[in-house]
Amino acid sequence: MRYWLMKSEPDCFSISDLRKSPGRASMWDGVRNYQVRNMLRDDFKKGDLAFFYHSSCPEPGIVGVMEVMCPGYPDPTAFMPGHEHHDPKSLPDQPRWYTVDVKFKREFDLVSLDEIRRHPPLEEMLILRRGNRLSITPVTPREWEYILALRS
DNA sequence: GCCAACGTTGGC
DNA sequence: GCCAACGTTGGC
């Protein structure tokens, strides 16, 4: 089982939106980056845990935890003409994009990007890498436990 | 809104 | 396969 950090713009989909979703679960659709696609397709397993990260907002940072409900599967929104995530190059028999279902676990006080930067044990986190633009990144067990300990 | 740091596209 | 142009991400 693995740990992840998954970014979303709260204006688009926030942790409150996830908490208020039916069954407190939602499809994490719309990933259109090949590196991230590969992680969703090959590495995501049921039972994995992920930090929910708010990006492109006044206070970027980690706001909670969610659980991965299933392995990656083809992103149906890519097949939907007119959908904002539609990709005509992704075909049902040759899917280009993948998604997973995630479920709300807990929400805590923001662990801001600034706070993450101030903790040496977290300095290797991919989120701090210059120019990092992946919307999903792996988190090491050590980083995972360290961050949880900040809010427990 | 700015802009650095990417990833993608497409002509050659 | 190269690379310029373009688009996107995301912190600030």
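Preceding this section is the structure that the text describes.
Reference entry: report on the structure contained in this document. Position labels on residues start from 1 in each chain and follow its written sequence. Ligands are numbered from 1 and chains lettered from A, in the order in which they are written. Residue-level local features of this predicted model are given only where pLDDT is at least 70; pairs of side-chain atoms are given and counted only at 80 or more, and the full residue set underlies all totals for whole chains, interfaces and linings. Note that the side-chain values use all heavy atoms of the structure and ignore hydrogens as well as water.

### So, the pattern of salt bridges
Side-chain pairs of opposite charge can arise whenever the charged atoms involved come near each other.
Step number 1: By convention in these notes, a salt bridge is any Lys or Arg side-chain nitrogen within 4 Å of a carboxyl oxygen on Asp or Glu. Applying the stated rule across the entire model yields 7 salt bridges.
Step number 2: Asp 75 serves as the salt-bridge partner of Arg 32, at 3.0 Å between the closest nitrogen and oxygen. Residue Arg 32 is located in the loop between strand 2 (25-27) and helix 2 (34-43), and its partner Asp 75 is located in the loop between strand 5 (73-74) and strand 6 (98-99); the two are separated by 43 residues in the primary sequence.
Step number 3: The class of Asp 75 is buried, set by a relative accessible area of 0%.
Step number 4: In this structure, the salt-bridge partner of Asp 114 is Arg 117, at a minimum N-O distance of 4.0 Å. Of the two residues, Asp 114 and Arg 117 are both situated in helix 3 (residues 113-118); the distance of 3 residues between them amounts to about one turn of the helix.
Step number 5: Relative accessibility under 20% of the residue-type maximum defines a buried residue, over 50% an exposed one, and the middle range a partly exposed one, all with a 1.4 Å probe and only protein chains included. Owing to a relative accessible area of 43%, Asp 114 belongs among the partly exposed residues under this scheme. Strands are runs of DSSP state E lasting at least 2 residues, helices are runs of H or I lasting at least 4, and numbering of each runs from the N terminus.

Just geometry here; none of it tells us what the structure is for.
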